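What follows is the residue order along each chain.
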Amino acid sequence: MELLENINPKLYRKCEEREITPDEEDDSVVDPFDSREVFDLIRSINDPEHPLTLEELNVVEQSLIEVDNANNEVNVKFTPTIPHCSMATLIGLSIRVQLLRSLPSRFKVSVAITPGTHNSEDAVNKQLADKERVAAATENSHLIEVINQCISNH
């Protein structure tokens, strides 16, 4: 049996579902993306270690998402549940892949660890920011299978 790093993670309350307005459903109305829409895309990603979502573990929060529609940028910070989490890179890749698959291609997506929350945040952030490494990771059949399991709620 596999040993869990964080055997008893703290659980958090989920946000209320966002009410979708008629204008948002109308494809003829141009409305900018906002942090809540991006949060809705990643909140139900499964944690690779627990049968819980990233939202339930407070790994992703709407307040840590920035959307700049004018410059076509989405920046997401995430907070691992423990400072030595070995799954941090996999979690970051899962967030990045989900956003790259879901957002219009005009967006430049950046995913990084919330400053001060992980022992190896610089190394993990460097990996997540390296387009070639991310592309190579998504071409690895075993790794993409694990990522697909994490984002399978979508």
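Fair warning: this is a prediction, and the values are worked out from it, not measured in the lab.

**Student:** Sorry, what's going on with the overall build of the protein here?
**Tutor:** Scanning the protein from terminus to terminus reveals 6 helices and 3 strands. The buried share of the protein, reckoned over its 154 residues, is 39%. Contacts in the protein between residues at least 24 apart in sequence constitute 67% of all its contacts with a sequence separation of at least 6. Looking at the protein as shown, the accessible area adds up to about 9,200 Å², and 49% of this sits on carbon and sulfur atoms.

**Student:** Would you take a moment to explain unusual backbone geometry for this structure?
**Tutor:** When glycine is set aside, most residues are seen to have a negative phi, and most peptide bonds are trans. For Asn58, which is not glycine, the phi dihedral falls at a positive 65 degrees. You can see Asn58 is positioned in the loop between helix H2 (35–42) and strand S1 (65–68). You will see that Asn72, though not glycine, has its phi angle at about 55 degrees, which is positive. By secondary structure assignment, the location of Asn72 is in the loop between S1 and strand S2 (73–78).

**Student:** Would you mind showing me how to read the packing of H2 against helix H3 (residues 88–102) here?
**Tutor:** The angle between the axes and the distance between the axes are what describe a pair of packed helices. Running from amino to carboxyl end, H2 crosses H3 at an angle of 115 degrees, the nearest separation of the two axes being 9 Å. Two packed elements cross with a definite hand, and for H2 against H3 that hand is right-handed. Residues Val38, Leu41 and Ile42 of H2 form the contact with H3, whose participating residues are Ile95, Gln98, Leu99 and Ser102. Of the residues that constitute the contact of H2 with H3, the class distribution is 5 nonpolar, 2 polar and no charged.

How each quantity is defined
- Residues numbered from 1 in each chain as written.
- Predicted model: local features only at pLDDT ≥ 70, side-chain atom pairs only at ≥ 80, totals over all residues.
- Heavy atoms only, no water.
- Helix = DSSP H or I, 4+ residues; strand = E, 2+ residues; numbered from the N terminus.
- Buried < 20%, exposed > 50% of the residue type's maximum accessible area, 1.4 Å probe, protein only.
- Contact = heavy atoms within 4.5 Å.
- Areas by Shrake-Rupley, 256 points an atom, 1.4 Å probe, with all protein chains shown as cover.
- Axes fitted to C-alpha atoms, helices over the stretch in contact; angles between N-to-C directions.
- Left-handed = near helix turned anticlockwise from the far one by under 90°.
- Nonpolar A, V, L, I, M, F, W, Y, C, P; charged D, E, K, R; others polar.

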